[in-house]
Amino acid sequence: MRITEVEAISVDGGSRNWVFVRILTDEGIIGIGEATVEWHTSSVVAAVDEIGELLIGEDPSRIEHIWQKMYRGRRFRGGPVVMSAISGLEVALWDIKGKVLNTPIYELLGGSCRESIPVYANAPFGTSRQELVDGALGVMLLGFDALKFCPIHTVLEVDDPLLIREAADTVAAVRAAVGPTTRLAIDVACRLSPAMAIQFARAVEEFDIWFLEEPIRAENPEALALVARATTIPIAAGEQLYTRWNFRELFSRHAVSLVQPDVAHCGGIAETRRVAAMAEISYVGFAPHNPLSPVNTAASAHVAMATPNFVTLEYKVEASLPWLPDAAAPWRDSILQTPLELRDGALRLPRAPGLGVELDLETCRRHPARSRKPTFPQQRDGALAEF
Ligand code: MG
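First, a word on what this report is: a plain description of the structure on this page. Residue numbers run consecutively from 1 along every chain, following the written order of its sequence. Where totals are concerned, whole chains, interfaces and linings use all residues; where local detail is concerned, this predicted model gives features only for residues with pLDDT of at least 70, and gives and counts side-chain atom pairs only at 80 or more. To obtain the side-chain values, all non-hydrogen atoms of the structure were used and water was disregarded.

1. Concerning the packing of aromatic side chains
The relation between two aromatic rings is expressed through the spacing of the ring centres and the mutual angle of the planes. We count it as follows: To pair, rings of Phe, Tyr and Trp, with the six-membered ring standing in for Trp, must have centres within 6.5 Å; the planes then decide the type, stacked if under 30 degrees apart, edge-to-face if over 60, and tilted in the middle. Under the scheme used here, helices are H or I runs from DSSP no shorter than 4 residues and strands are E runs no shorter than 2 residues, and both carry numbers assigned from the N terminus. The buried label goes to any residue with under 20% of its type's maximum accessible area, the exposed label to any with over 50%, and the partly exposed label to all in between, with areas taken from a 1.4 Å probe on protein chains only. Criterion for a charge above a ring: Lys NZ or Arg CZ within 6 Å of the ring centre, and within 35 degrees of the ring normal.
Following the criterion strictly, the structure yields 8 aromatic pairs and no others. Measuring from ring centre to ring centre gives 5.5 Å for Tyr71 and Trp245, while their planes differ by 5°; the resulting arrangement is stacked. Within this pair, whereas Tyr71 is found in helix α2 (residues 63-72), its partner Trp245 is found in helix α9 (residues 243-252), the two being separated by 174 residues in sequence. Relative to Phe211, the ring of Trp210 has its centre 5.1 Å away and its plane inclined at 50°; by these criteria the two rings are tilted. For the residue pair Trp210 and Phe211, the accessibility class agrees, reading buried in each case. Each member of the aromatic cluster is reached from another via a ring pair, and the members are Trp67, Tyr71 and Trp245. The residue whose ring lies beneath Arg183 is Trp210, and the NZ or CZ to ring-centre distance is 4.8 Å.

Encoded structure:
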């Protein structure tokens, strides 16, 4: 079997554009993957086209060889655009391999470690305390027993402790609303410095926080480790890191308790599984980052299924955002020919070969990618803030 064609399809996914990859073969088997990277839609489409040229004529069963060609074949490596393109292409190769061998991808990764995939909602979103409280109750009504939210806006490297106190009061209000048994995670999206993150973590420890995601950016694992050592709340990070090399110091410096590689960014299925194995050595849990389309949910779920130290999978709850009213994509589930099955806060993976999901190309065509103007968060003096 030989690869004859590689194509990228960009689709309006509401809060972001989704970029899908299709690899076609001379035997008619087609593999799909996702290469979405927010606000870089046309760049990643171009990267899929350019890197995809390397695949023409290749035997698609040689996944590792092709990955090496895509990654090591270029002296200038890494970054979100190139790595997301490589990731989407690699996932599509696994999809082809599963279809050829008539088996789900997780069977090829060693088989199932569990019966289903526990997920958490990456919601509620809100700019006010009341929006977050109401949103959290709405998420619970959807059947989730675990959720993640951001209670804090922009904060300077050293800022008024009152801001931290207000954020902690928001966490208290959400905890009071959802009761003691709902797992509450907090994602501050890198908005804090180590000093403010430590202040914040200590202020919310009493509310039984499941994990604290990206208190600061993960590019300085030594600084992240400072935060981790100063709190009893498990620290999570990794969504903006690519390849095993970038993750190495996160573990060697004991900067996280939970690692969050994104299959669509970090290098694909095999690379995500490798990062999870690196985490296992340091007794760190694996919780894939996954706010993208259901295609990436399926790819992440296959890795989760076969990974012993998997903890939970991020699950995108479709909703309009207070700051982005057209963020919802009601067609989310219908981009797959058969939607994924979510029951009792857990995903049931289809047993069909490969990824087990197929794109509905008609739905994709009906919702072409559109351009978006991102909003840039600002400090109170107008300076650009971390996002
Ligand atoms: Mg995050």
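2. Considerations on the sheet that holds strand β3 (residues 30-34)
Across a sheet, strands are paired by hydrogen bonds formed along the backbone, either parallel or antiparallel in direction. What counts, and what does not: Between any two strands, at least two bridges found by DSSP are needed for them to pair. What counts as an axis is a line fitted to C-alpha atoms, over the stretch in contact for a helix, and the angles between N-to-C directions run from 0 to 180 degrees. The criterion used for residue contact is that any of the two residues' heavy atoms lie within 4.5 Å.
With antiparallel pairing, the 3 strands of this open sheet are ordered in space as β1-β2-β3. Sheet topology places β1 (3-12) and β3 at the edges, where each strand pairs with a single neighbour. The mean angle between the axes of side-by-side strands here comes to 20°, regardless of whether they run parallel or antiparallel. Examined bridge by bridge, strand β2 (residues 17-25) and β3 share 5 bridges and lie antiparallel to one another. Within β3, the position partnered with Arg22 by the bridge is Ile32. The sheet contacts of helix α1 (residues 41-52) involve β1 and β2, and relative to β1 the element is tilted by about 175°.

3. A look at empty space enclosed by the protein
The test is simple: Grid points spaced at 1 Å over the protein atoms alone were grouped into cavities, where a 1.4 Å probe fits but cannot get out, and pockets, open sets with protein on both sides within 12 Å along at least five of seven lines, with lining residues defined by an atom within 4 Å of a point. Grid points are joined across faces, edges and corners, and a volume is the space filled by probe spheres set on the points. Three categories are distinguished: nonpolar for Ala, Val, Leu, Ile, Met, Phe, Trp, Tyr, Cys and Pro, charged for Asp, Glu, Lys and Arg, and polar for the others, with Gly belonging to the last.
Within the structure shown, the criterion is met by 1 cavity of 30 Å³ or more. Taken as a whole, the largest cavity holds about 50 Å³ of empty space. Lining of the largest cavity is provided by Pro294, Thr297, Tyr315, Lys316, Arg332, Asp333 and Leu340. Residues of the lining of the largest cavity, tallied by class, amount to 3 nonpolar, 1 polar and 3 charged.

4. Considering the nonpolar core
Let me state the cut-off plainly: To form a nonpolar core, buried Ala, Val, Leu, Ile, Met, Phe, Trp, Tyr and Cys residues must be joined to one another through side-chain atoms within 4.5 Å.
Ranked by internal contacts, the top residues of the largest apolar core, which has 118 residues, are Ile23 and Phe200. Once you skip the residues sitting within four places of it in the chain, Phe200 turns out to touch Pro151, Ile152, Ile164, Ala167, Ala168, Val171, Ile186, Val188, Leu192 and Leu212. Counting 8 residues, the second-largest nonpolar core is a separate cluster that includes Ala146, Trp210, Ala236 and Leu258.

5. Thoughts on the coordination of the magnesium ion
Cut-off, in case you're wondering: Think of the donor list as every N, O and S atom within 2.8 Å of the metal, or within 3.2 Å for Na, K and Ca; water never makes the list, so a site can look incomplete.
Within the protein, the magnesium ion binds to Asp187 (OD), Glu213 (OE) and Glu239 (OE); these donor distances fall in the range 2.0 to 2.5 Å. All donors to the magnesium ion come from one chain, and their sequence spacing reads D-x25-E-x25-E. Of this pair, Asp187 sits in strand β6 (residues 183-187) while Glu239 sits in the loop between β8 (235-237) and α9, and the two are 52 residues apart along the sequence. With relative accessibility at 15%, the residue Asp187 sits in the buried group. The class of Glu239 is buried, set by a relative accessible area of 16%.

6. Points about the side chain of Gln260
Mapped onto the elements of the fold, Gln260 is located in the loop between β9 (258-259) and α10 (263-266). In this structure Gln260 touches Tyr120, Phe211, Glu213, Ala236, Ala237, Gly238, Glu239, Ala287 and His289, once residues within four positions along its chain are discounted.

7. What to know about the pairing of strand β7 (residues 209-213)
To keep things clear, this is the line we draw: We call a crossover right-handed when, viewed with both strands directed away from the observer, the connection leading from the first strand over the helix to the second proceeds clockwise.
With 5 of its 5 residues buried, β7 lies for the most part within the structure. Pairing between β6 and β7: 3 bridges, direction parallel. The partner of Leu184 across the bridge, within β7, is Ile209. Once the chain exits β6 it traverses helix α7 (residues 194-204) before rejoining the sheet at β7, and the crossover so formed is right-handed. Pairing of β7 with β8 involves 2 bridges; the strand directions are parallel.

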